[in-house]
4 protein chains.
Amino acid sequence: MFFTSDNAAPVPPEVLAALSEANTGYTPGYGTDAVTAAVQDRIRAVLEAPEAVVHLVATGTAANALALATLCPPWGAVFCHTHAHVQEDECGAPEFFSAGAKLLQVEGAHGKMAPEALARRIAMTGGSVHGVQRGALTLTNVTEAGTVYTPDETAALARIAHEAGVPVHLDGARFANAVAATGASPADLTWRSGVDVLSFGGTKNGLMGVEAVVFFALDRAWEFELRRKRSGHLLSKGRYLAAQMGAMLEGNRWLDWAGHANAMATRLAEGLKARGVTLWHPVQANILFAQWPAGTSARLRAAGARFYDAPAPEGYEAARLVTSWSTTPEDVDGFLAALQIS
Amino acid sequence: MFFTSDNAAPVPPEVLAALSEANTGYTPGYGTDAVTAAVQDRIRAVLEAPEAVVHLVATGTAANALALATLCPPWGAVFCHTHAHVQEDECGAPEFFSAGAKLLQVEGAHGKMAPEALARRIAMTGGSVHGVQRGALTLTNVTEAGTVYTPDETAALARIAHEAGVPVHLDGARFANAVAATGASPADLTWRSGVDVLSFGGTKNGLMGVEAVVFFALDRAWEFELRRKRSGHLLSKGRYLAAQMGAMLEGNRWLDWAGHANAMATRLAEGLKARGVTLWHPVQANILFAQWPAGTSARLRAAGARFYDAPAPEGYEAARLVTSWSTTPEDVDGFLAALQIS
Amino acid sequence: MFFTSDNAAPVPPEVLAALSEANTGYTPGYGTDAVTAAVQDRIRAVLEAPEAVVHLVATGTAANALALATLCPPWGAVFCHTHAHVQEDECGAPEFFSAGAKLLQVEGAHGKMAPEALARRIAMTGGSVHGVQRGALTLTNVTEAGTVYTPDETAALARIAHEAGVPVHLDGARFANAVAATGASPADLTWRSGVDVLSFGGTKNGLMGVEAVVFFALDRAWEFELRRKRSGHLLSKGRYLAAQMGAMLEGNRWLDWAGHANAMATRLAEGLKARGVTLWHPVQANILFAQWPAGTSARLRAAGARFYDAPAPEGYEAARLVTSWSTTPEDVDGFLAALQIS
Amino acid sequence: MFFTSDNAAPVPPEVLAALSEANTGYTPGYGTDAVTAAVQDRIRAVLEAPEAVVHLVATGTAANALALATLCPPWGAVFCHTHAHVQEDECGAPEFFSAGAKLLQVEGAHGKMAPEALARRIAMTGGSVHGVQRGALTLTNVTEAGTVYTPDETAALARIAHEAGVPVHLDGARFANAVAATGASPADLTWRSGVDVLSFGGTKNGLMGVEAVVFFALDRAWEFELRRKRSGHLLSKGRYLAAQMGAMLEGNRWLDWAGHANAMATRLAEGLKARGVTLWHPVQANILFAQWPAGTSARLRAAGARFYDAPAPEGYEAARLVTSWSTTPEDVDGFLAALQIS
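So, here's what we can say about the structure. (Residues numbered from 1 in each chain as written. Chains lettered and ligands numbered in written order. Predicted model: local features only at pLDDT ≥ 70, side-chain atom pairs only at ≥ 80, totals over all residues. Heavy atoms only, no water.)

**Structural notes on the interface of chain D and chain A**
- Of the residues lining the interface, 19 residues belong to chain D; the matching set on chain A comes to 19 residues.
- For the pair chain D and chain A, the summed buried area comes to about 1,700 Å², and 70% of that belongs to carbon and sulfur atoms.
- Three residues, D:Trp75, D:Val129 and D:Arg230, lead the burial of chain D against chain A; their summed loss comes to 41% of the area buried on that side.
- Inspection of the region where chain D meets chain A yields 0 salt bridges.
- Linking chain D to chain A there are 8 residue pairs in polar contact (both at pLDDT 80 or more).
- For the side of chain D that touches chain A, the element with the highest residue contribution is helix H9 (residues 221-230) of chain D, accounting for 7 residues.
- Looking at the side of chain D that touches chain A, its residues break down into 9 nonpolar, 5 polar and 5 charged. (Contact = heavy atoms within 4.5 Å. Buried area = accessible area lost by both parts, 1.4 Å probe. Salt bridge = Lys/Arg side-chain N within 4 Å of Asp/Glu carboxyl O. Polar contact = N/O pair within 3.5 Å; in protein donor to acceptor, adjacent residues only side chain to side chain. Helix = DSSP H or I, 4+ residues; strand = E, 2+ residues; numbered from the N terminus. Nonpolar A, V, L, I, M, F, W, Y, C, P; charged D, E, K, R; others polar.)

**Overview of the side chain of D:Lys229**
- Mapped onto the secondary structure, D:Lys229 falls in helix H9.
- Despite its burial, D:Lys229 pairs with no opposite charge, the nearest such side chain being C:Glu90 at 6.4 Å.
- At 3.3 Å, the side chain of D:Lys229 forms a polar contact with the backbone oxygen of C:Asp89. (Buried < 20%, exposed > 50% of the residue type's maximum accessible area, 1.4 Å probe, protein only. Lys, Arg positive; Asp, Glu negative; His and termini not counted.)

**Remarks on the sheet that holds strand S11 (residues 316-322) of chain C**
Residues and elements named next belong to chain C.
- Read from one edge of the open sheet, 4 strands run S8-S9-S11-S10, paired in antiparallel fashion. Both outer strands of the open sheet, strand S8 (278-279) and strand S10 (308-310), are each paired with one neighbouring strand and no more.
- Bridge count between S8 and strand S9 (residues 287-293): 2 bridges; the pairing is antiparallel. Along S9, the bridge assignment pairs leucine 279 with alanine 290.
- Here helix H12 (residues 253-274) sits on the sheet in contact with S8, S9 and S11, set at roughly 20 degrees to S9. (Pairing = 2+ DSSP bridges. Axes fitted to C-alpha atoms, helices over the stretch in contact; angles between N-to-C directions.)

**Notes on the relation of the copies chain D and chain C**
- Here chain D sits on chain C after a turn of 180 degrees about the axis and a move of 0.0 Å along it, with an RMSD of 0.0 Å. A rotation of that kind, with that shift, is consistent with a two-fold axis.
- Most of the interface of chain D is mirrored in chain C, where 100% of its interface residues again form contacts. (Least-squares fit on C-alpha atoms with pLDDT ≥ 70 in both.)

Structure, rendered in C-alpha cells:
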C-alpha cells in the first residue's frame, strides 16, 4: 500500500534483464555506443519523428532544466503552471541551468493552464529592455494534479506560444501515462500539437533513472550536448541508461506499464468515490488527490498505507496518492478496506 | 585489447547481482532509503571517518563540480594542476556549478603539483578586491598522468593550502587505484593528509555510474544537498546507486578490482619497456603513456587494439593506455605481441 | 509638464557645484578617497547607524541586485511584491546577480504587501530539498503604486521575515520621498523597523546616478565588495559619485527636494480629484495613477504633457504621473488646465 | 607626482562644462536622449563605422565583461594574454557576466600575444564535448605592459582568430593612447584589422567614468542591451554619461589629452634611462615599469611621489608609473630629481 510516488517502486525484471544483456564486452563511451544508438532510433520511431535528436539523462530535473536552458535565454521568461514541478519541486534548477531565467506562473484549474491566462501572461511580457523577454512555454502532461492534456488542448496552448515566438517544452515525466490515458499517439501529443522539445520520462514508469530529451527541431542540439556535459549529465557508460530505456520501449511494454498504473488509480478513485471521499480533480492518469474526514489518515497509516499529506480544510485531511506499474489490485483494495469511512 | 578507458569495460557481475537484490519492495525516495544509509556507513568505515557526510551522484564531473562549488565562492580561484580533469575535460563544469569561479593552473612534473609552484600561485592570489580570491585546492589521485600522490605528498600540498585558508578537494575518480598503488590507508590518503572533501570514484572501478562525495568537515552539507538537487543530481531511486557502490565496497573487493587493473598496467609497462618503448611517466596505477615509432599505432589497431593517441614528436607516435578490472593478461600479451617492434 | 519619471529631470545646480569642488588634485581610486569617506560618514549619521557599512554604486538596479545577491543564496527565494521593481523592471537582475534565485510574489493592495500574504508565502517555502529555500524579503518604499510604508507597517513585515530567519532588504530608490512623506526618521523607517540592508536612492531625488547600499549588519560586507567589483560596479573615480551624494545630503537638502516632489504630487492629485479624475491609490509621495475618460491623454500630450500610459478599463485611459525636485507649480497647473474635463 | 594610475587624476574642465551644458530641461531616459544619440554618431564618425552599434557604460570592467559575454557562450573559452586586465584585475567579471566561461592565457613578451602562441592555444581548444569551446579573443591596446599593437600586429592575431571562427574583442581602456602612440587611424586599429567589438575607454583619458562599447558587427546588439540592463549598467540619466564622452571627442581633444599623457611618459622614460634606471618594456604610451636599486622607492615617496610597487629581483625595487592628461613636466622633473641615483 505504497502510494507516495511512482518512484518508490522497484523496477520490472525486464529492466534488470536488459542491463545484464548490455553488460558484455567493451563499448565506446559517452553515449556513442550501439545500445544508445538503438534506443535513440526506437524513440524516434515511437514518436514518428525520424529527424528528432534524442539524448538520455538520469533525472527528470536534468531533462527539464537542460531543455529549458536550451530554449530560454538568461533574460527570458519560462511560462509554467502555478504548480508545475519546475516551479515547485526542483529547487530552482531551471534558474540554475539557464543562468537566471525567470519563471512566470500561469493559472488554470486542475493543473492545466487556461489558454486565456497564458495569452495574458505572454502579452504582458517582453518588448522593452526593462522586463524579461519571452523565453519558453513549459507544459506538463500528466499534470501535477493528475489530469491530462489532450492533443487539442496542447495545440491550443502551443499555438498561443508560437504566435508570440515562444517555443514549447513538454515535461513528460509521466508521458507514458498521458499517452495511455488519452489513447492519442505520442506524435499527436507532442510535435503534431506544437511541442518543440519533450522530456520523455522513464523513471516514473519503472526505470532506475532514465529520461530522454527529444528535440523535434534540430538547431540547438550541439548546444544541448555541451550543456549536458558541463552539468555532469553525460554518463560515460551510456549503455546502462540506454539498456533500461530500451527495455521499457520494447513492443507495447511502456504503455502496458503506464496503463496498469492508470487502471489502478481508476480502481482506487472509484472505490474512494463509492465511500464518499472527495476527489479534488478528475482522475485521468495515475495520481489522485483525496480529501477525507480528519483522523482517517492515521488509521490508514496504521494499516500500512503510505502517502503524502496535502493541506486540507478544517475538519478534513487530504492526501496525494500515486500508483505505479507495480501497484496491485490487492494494494488498492487493502487501502480501501483500511479507510473505514462509514 | 580495449585500452581507451576504464569506462569502456562492462561491470562485474557482482554489480548486477546487487541491483537485483536491492530491487525488492518499496523504498522512500531521494536517497533516504536503507540501502543508501548502509553504503554511507560503509564509506565512513572504509575512510575511518565516522562523522563524514556522504552523498552519491552518478558522474565524476558532478561529484567534482558540486564539491568545488561548495568549497569555492563565485569570486574564488580553484587551484588545479595544468592538466587536471576539471580544467581540461569537463567543459567548464566547475565554472558552471560555482557561478563563475576561475581555475588557476599549477605546474608540476608527471601530473603532480610542485609544492613551490602551488605556494607561488596562492601567494599571487587574493588580497585586493581586484583579483579573484583564494577558493579551493583540488588534487587528483591517481593523476591524469597515471602517477600517484603518497600521503606525505598530499599532506605537503594540503598544508600549503590550509596555511592560506584554502580548503582541499581530492578528485578520486581513480581513488581505489591510488589506494591499491600506495598501500596507504584510505584515511591516510585523505583526511589524515588534509583532504577536506573527496570525490570517491566508483565508475572507473567497475560501476555503471556512481561516485560518492565525502565531506570530512560537516558544515556545508546542507548546502551541498541543495546544490545537488538543483543541478538534477539527486536521483529519486537512490537505492540503485547505493546498491552498486555497496557491491564494490563489500569486503576487499574494491581494492581487488583496482589492484588487478594496476597489475595489468604494470605488466603492460614492463612488456613495453622490454621492447624499447618510451614511457612518459612512472607507471604507478592503471594509466600509462607510451611513445613508439611512427607506424606502430596503425599496426596495433589492425590487430584489434583500441586506445587514444597523444601528441608525439616527429617520427614517433604516442598513446594513452588504460587498464581496468576486466583487462586480462591475454589482452596485455596480445597487445605486446601486436607491437612488433624489433 | 514632464511627468514620465523622476529620472527625466535635470540635476540641481548644487550637484554640479559639488562635482566641481571635488575636482581638485589627485585621489586614491576605487572608493578609497576622502570624499567617499565623508559621504559614508554622513549617511551613517543620517541613519543614526554608526556601524553601518556604506557603498556607492551608479544605479538602483545594481544596488538592489547586489544587496539581494548578498542576502539570498542561489537556491533561495526573494519574497517581493507582485509589482516590485525587482520583479518587473530589472530584466532579471536579481536572478543574474544571485546566480538564479527565484522571486516569489506576495500580494497586497496599493503596492504594499499584506502581512498575512507574506506569512503564507514564507510558510509555503523551504524545508525540504525539493523547493527553493527562504532567502530574503525585499520591500519598496515608496512603493511602485506611490504609497508609503510607515515604520509600524515595515516592522510588521520585517518581524514575520525575521521570525522565519529571513533578512530584510528595502528598495529605497525613493527613500527620501518616503521619509519626507511619513515624517519618520530614516532610522525608524529602516533598521529600527527591522531593515537589514537599504538601497538608499539618490538618482530619483536629483543626482546623475548614485545610490548607496547600506548594510546595517556587517558580516557580509567584504562579499559585497567582491560582488560589486566583479559586476563592474566599482567605479575607479569614486569621488564623483560621492560628491553628488554629499551635495544631496548637505543639511536638509535631500528632504527638501523630496518634499517638494511630494508636494507637487499632492497639488496634482488634488487638482485631478477636483476635476473628477479617479486616482487608483492614495497619493502619499511623488507618484500617482490617474484614470480619465478616453481621449483625454491625447489632448494632454498635444498640450505638451509627457507621461506613461497604464492599462485602463474600456472607455477610459490611465496614466502614471511622477513629480520631481524640478516640477513646478506651473507644470502642475498647466497640466490640470490642459485636462479640460468638464 | 601622482603616478599610481590615470584614474587618480581630476577631470579636465571641459568635462564639467559639458555636464553643465547638458543639464537643461527634461529628457527621455535610459539612453534614448539626444545627447546620447549625438555621441553615438560622433563615435561612429571617429571610427569611420557608420553602421556600428554604440552603447555607453560607466566602467571598463562592465564594458569588457558585457562585450565578452555577448561574444562567448558559457561553455566557451576567452583567449587572453597572461597578464590581461580581464584575467588579473576584474575579480572574475568575465566569468560572472558570461555565466562561467573559461579564460585561457596566451603568452607573449611585453604584454603582447605571440601569434604562434595564440594559434597553438586555439588549436588545442574545442572539438569534442569534453573541453570548453572556442569563444572569443580579447586583445588589450595599450597593453598592461604599456606597449601598443600596431594595426598589422592586431590584424595578424585577428586573422588567426577569425580563421578558427573566433570573434575579436579589443579592450581599449587606453585606446586613445594607442591611437596617439601609433598614429594609426581608429579604424585601422580596430575593424580594419579585424576587431569585432571595441571597449572604447573614456575614464582613463580624463572622464569621470564613461566607456563606450562598439559593435562593428550588428547582430547581437539587442542581446547586449538586455545584458546591460540586467547587470545594472543601463543608467537612467544617460545624458550625463554622453555629455562627458562628447566633451572628450570634440575636435581632436581626446588625442590631445592622450598624446600629452604619452609625451609625459616618454619624458619620464628618457629621464630614467639617462639615470641608469632599467625599463622593463618599450615605453610606447603612458605606462612604464622601472627597476631601480633598493631604497630608491622610499626616497621617492618621501619626496611626495606616488606609484605602485612591482615585484623585483633581489637588491632592486620596481614600480609601475602611469601618466595622464594632467601630468605636468614639473611632476616628471620633480620625480626625476627625487630619484637621486648617482
